[in-house]
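# Observations on chain architecture
Residues per chain are reported as follows:
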Amino acid sequence: MLWRDRRESSNVEDARGESLGRGGSGPLGLHMLIGRLFGIKGILIALVLGAVLWTTGIVNPGRLLSDRTNGGAPAAAVSAEEQDQFNFVKVVLADTEDIWTAEFARHGIKYELPVLKVYRQGVRTGCGDASAAMGPFYCPEDRKVYLDLSFYNELARTFHSPGDFAQAYVLAHEVGHHVQKLLGVSDKVSAMHGRPDYNEYSVRLELQADYYAGVWANHSKQYLERGDIEEAMRAANAIGDDAIQRQMQGRVMPHSFTHGTSAQRTRWFTKGLNSGTLDGGDTFSIPYTSL
Ligand SMILES: [Zn+2]
């Protein structure tokens, strides 16, 4: 994707040097880290092991946690590669701003710009504390997209979806959730919480965000290089947020639900790619089995 020397969004908060502070990263963050490395079995084993060590007095977990939070995260040096990624997401966010401002205006609506908060490891959000293990997400409460750049390494390695366009697609999907917030769709779906068919609404919401990511891709055609669309498709295929957030415990956030099959995600991304407009992204009116 051609992105160098292009406009960068100014709606980006760089929180990479901040830590959650006392108590913020807590045992949940620690367990999620373990969960990320070893899966759910790892979490259980760690919990049991921790309890045994604690009761036998070998380890004081309170001490462990305070050590972890008192000094804050050490200020890690920013590599040239990471700074490149940071500048890259600023350009992609700027693209989404231009595209959605124009598309909303075409429908007589004002597009309010979302904020992208780039963090490292842990972050406090309007939707509760979050850890990088949760993957990128959008918080409708504070209207911010949260991204830990290390996710992009994971996208390349674990999900075999390397490439800048795949990275851009992930961000465009999150911005798609912001579009849904502005259009009132997310609030309607949230209101369904507790209903037995809530998961179906969640899937419809996710597929619509994929459609909106496709709309962004349509308007970014001029910046495409060979293989870019395939990169995005591969990512759409490989990452259900469900796969990324399998280990998430406790907090209920939009991304902790089912996201539709890989085929569905690819299909709705392609629909958006072909249409390039808000219209055509109605994932709510058609029968669930026809998604
Ligand atoms: Zn999503």
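Note that the structure is predicted; figures quoted are calculated from it, not measured. Within any chain, residue numbers begin from 1 and follow the written order of that chain's sequence. Restriction of local features to residues with pLDDT of at least 70 applies here, the model being predicted, together with a cutoff of 80 or more for giving and counting side-chain atom pairs; totals for whole chains, interfaces and linings are based on all residues. No hydrogens and no water enter the side-chain calculation; it runs on all heavy atoms of the structure.

### Re the pairing of strand β2 (residues 115-119)
Extensive coverage of β2 is indicated by the burial of four of its five residues. What makes two strands pair is DSSP finding at least two bridges between them. In this text, helices come from DSSP runs of H or I with a minimum length of four residues, and strands from runs of E with a minimum of two, each type numbered from the N-terminal end. As paired elements, strand β1 (residues 12-15) and β2 share four bridges and run parallel to each other. Within β2, the residue paired with Asp 14 across the bridge is Val 118. In terms of strand pairing, β2 meets strand β6 (residues 144-148) through five bridges, oriented parallel. Residue Lys 117 lies in a different strand from β6, and its bridge partner there is Tyr 146. For each residue, the accessible area found with a 1.4 Å probe, counting protein chains only, is set against the maximum for its type, and the residue is called buried under 20%, exposed over 50%, and partly exposed in between.

### A look at the sheet that holds strand β5 (residues 137-139)
One open sheet holds the four strands; their spatial order is β1-β2-β6-β5, and the pairing between them is mixed. Across the chains shown, the open sheet's two edge strands, defined by having one partner strand only, are β1 and β5. Taking the axes of each pair of neighbouring strands and ignoring which way they run, one obtains an average angle of 25° across the sheet. Contacts between residues were defined by any pair of non-hydrogen atoms, one from each residue, lying within 4.5 Å. The convention used is that axes are lines fitted to C-alpha atoms, helices contributing only their stretch in contact, and that angles between N-to-C directions extend from 0 to 180 degrees. Running at roughly 25° to β5, helix α5 (residues 164-182) makes contact with β2, β5 and β6 of the sheet.

### Side note on the packing of aromatic side chains
Pairing of aromatic rings covers Phe, Tyr and Trp, the last through its six-membered ring, and needs centres within 6.5 Å; plane angles under 30 degrees mean stacked, over 60 mean edge-to-face, and all others mean tilted. Enumeration according to the criterion identifies 10 aromatic pairs in this entry. Plain terms: the ring middles of Phe 104 and Tyr 111 are 5.1 Å apart, the flat faces sit at 65° to each other, and that makes the pair edge-to-face. Residue class for Phe 104 comes out buried when judged on its relative accessible area of 0%. You can call Tyr 111 buried: its relative accessible area is 4%. When the centroid spacing of 5.3 Å and the interplanar angle of 90° are considered together, the rings of Tyr 169 and Phe 269 count as edge-to-face. With Tyr 169 in helix α5 and Phe 269 in helix α10 (residues 262-275), this residue pair connects regions lying 100 residues apart in the sequence. Taken individually, Tyr 169 and Phe 269 each receive the classification buried, so the pair is uniform in this respect. Each member of the aromatic cluster is reached from another via a ring pair, and the members are Trp 100, Phe 104, Tyr 111, Tyr 211, Tyr 212 and Trp 268.

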